[in-house]
Amino acid sequence: SKRLWLHHTNTPPATVTVTVTVAVVVPKVWNIIISHFCSGLGCEIETTGNVQQRNMAGQWCLIESDPGVFSELVSQIGVEGVQLVELLSLDAEEMRRDSPVYGVVFLFKYSREAMQDAQPIQHEVPGLFFAQQVITNACATQAILNILMNTTGIELGSTLKEFKEFTQGMPADVCGQAISNSESIRRVHNSFARQEVFSMESRRATDDDDVFHFVAYVPYQGRVYELDGLQSGPIDHGAIEEGKDWLDRVTVVLQERIAKYGGEIRFNLLSVVGDKLSAAEAELEEAKAILMSQGALDDIDGDLDSVDPSALDEAATASLREARDVEMRVNREKEIRQQWRLENERRKHNYIPLFMGLLRELAKQKKLKPLLESATDKAKQKVREHQEKKAKEAAGVAQ
């Protein structure tokens, strides 16, 4: 599922998991399990002291690419009036249903050739914020920040306001370094990391690795720009045609880009849009005010279910029907946010004691070793199948 993709791209070449770190003190049986696990992957075991040193070094953790994660993340940073939604199609009309759309985040499979084909502009665009990527594991967060820093009409909050003022006029690499050094942004980002028994280290990716990257698209002063932290500057995708909005242009750009990847289907799109709940609540308040003016409702906080439609005239009945439709949207948005909170709490919850308890019970019942051997065999089989698939693909290209 694309929602489980972790953003794990670093400055080129990108990074992938290679080292397993024991972050807890474990008895002998767990050392056996971890040794089998590591030997199968060709990994090394680090000490807890090294883990603590890396945590103190201000590193950024892996978090899931999910609208609920990023919506709550930007909210905790202090941004008001925005949320992120997942796009299921590249249709401008469909995207306009979530207007205003401030920017689009595009997830795609990293390709060295595609990156080299890009043509970033060499001149400065006055007022356009762009930060190069110097952070490990946070390319989606940085793409979102690139959008927010170029968006007007929203409340950035004190953290990003101060950051924007501080970085004004700075070159892109310095802006990227400033993000990496922002303790407040990093702390919020890392708060969404999963609790893991194993801490993952990185290595340089090879051609056999599947690595994904996030970039941002924003409208700015009548043009559409791509903000890719791995490039030296923004990429200008041309002017927005008269009589059209920027979504008409960006959908064409994205369709052309996806077409270059042939049969690749692993893409994901998120858009940064206005807060749907706030907009629906404002619309509901306006609808209730109309009902009050028609004598159908006594108070702005009144319950719509208490209104008797049979006692209303035709105009008030239509207004009541519209108000109830808006109220349903409000309740739906509240349910979505409640689900986000629940999912994020589960992401942050420490399930390690449960995991250890289950392993301990399996060991007592003499079931742990057979299960471990079976899982190891399956993992090795998957590795062989993957290698065979890559070999066939390489042979086909050679022919």
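Keep in mind it's a predicted model, so treat the numbers as computed, not measured.

(A) How the structure looks around the confidence of the model for the protein chain. Looking at the protein chain as a whole, its pLDDT mean stands at 81, while 78% of the residues score no less than 70. Counting interchain partners and residues more than four positions distant, the pLDDT-below-50 stretch residues 1-32 has 119 contacts. Contacts from residues 34-57, a stretch scored under 50 in pLDDT, to residues over four places away or in other chains number 29 contacts.

(B) Structural detail: the pattern of salt bridges. Following the criterion strictly, the structure yields 15 salt bridges and no others. For E94, the salt bridge identified is with R97, shortest N-O distance 3.5 Å. For E94, a relative accessible area of 37% translates into the label partly exposed. Classification of R97 as exposed rests on a relative accessible area of 67%. Among the salt bridges present, the one from R96 reaches D245, with a minimum N-O distance of 2.8 Å. Pair noted here: R96 is in helix α4 (residues 92-96) and D245 is in the loop between β8 (235-239) and α10 (246-259), with a separation of 149 residues, a long-range link. Each of the salt bridges in this network shares a partner with another, and the network as a whole consists of E93, R96, D245 and D248.

(C) Seen up close, empty space enclosed by the protein. Going through the model one piece at a time under the given rule, you end up with one cavity of 30 Å³ or more. Put simply, the largest cavity is a space of about 40 Å³. Counting residues per element, the lining of the largest cavity draws most heavily on helix α6 (residues 139-148), at four residues. Here the lining of the largest cavity is composed, by residue class, of four nonpolar, four polar and no charged.

(D) Structural detail: unusual backbone geometry. The omega torsion of the bond from S99 to P100 falls at 0°, within 30 degrees of zero and hence cis. You can see P100 is positioned in the loop between α4 and β4 (101-109). One non-glycine residue, Q221, lies in positive phi territory at about 50°. Turning to its location among the elements, Q221 is positioned in the loop between β6 (212-220) and β7 (223-227). Overall, the relative accessible area of 64% leaves Q221 in the exposed class. Positioned with a positive phi, K366 is a non-glycine residue whose angle comes to about 60°. Along the chain, K366 falls in the loop between α13 (352-364) and α14 (368-398).

(E) Representation of the sheet that holds β8 within the structure. In space, the six strands of this open sheet follow the order β3-β9-β4-β6-β7-β8, with antiparallel pairing throughout. Looking along the sheet, the strands with just one partner apiece sit at the ends: β3 (82-87) and β8. Taking each pair of neighbouring strands and ignoring which way they run, the sheet shows an average axis angle of 20°. As paired elements, β4 and β6 share six bridges and run antiparallel to each other. Within β6, the residue paired with F106 across the bridge is V215.

(F) Representation of the side chain of E72 within the structure. Relative to the assigned elements, E72 resides in helix α3 (residues 67-77). No salt bridge is formed by the buried E72; its nearest oppositely charged neighbour, K348, is found at 4.1 Å. Excluding anything up to four places from it in sequence, E72 contacts F192, W340, R341, N344 and K348.

The rules behind each value
- Residues numbered from 1 in each chain as written.
- Predicted model: local features only at pLDDT ≥ 70, side-chain atom pairs only at ≥ 80, totals over all residues.
- Heavy atoms only, no water.
- pLDDT = per-residue confidence, 0-100.
- Contact = heavy atoms within 4.5 Å.
- Salt bridge = Lys/Arg side-chain N within 4 Å of Asp/Glu carboxyl O.
- Buried < 20%, exposed > 50% of the residue type's maximum accessible area, 1.4 Å probe, protein only.
- Helix = DSSP H or I, 4+ residues; strand = E, 2+ residues; numbered from the N terminus.
- 1 Å grid on protein atoms, 1.4 Å probe; cavity = no way out; pocket = protein on both sides within 12 Å on 5 of 7 lines; lining within 4 Å.
- Points joined across faces, edges and corners; volume = space filled by probe spheres on them.
- Nonpolar A, V, L, I, M, F, W, Y, C, P; charged D, E, K, R; others polar.
- Pairing = 2+ DSSP bridges.
- Axes fitted to C-alpha atoms, helices over the stretch in contact; angles between N-to-C directions.
- Lys, Arg positive; Asp, Glu negative; His and termini not counted.

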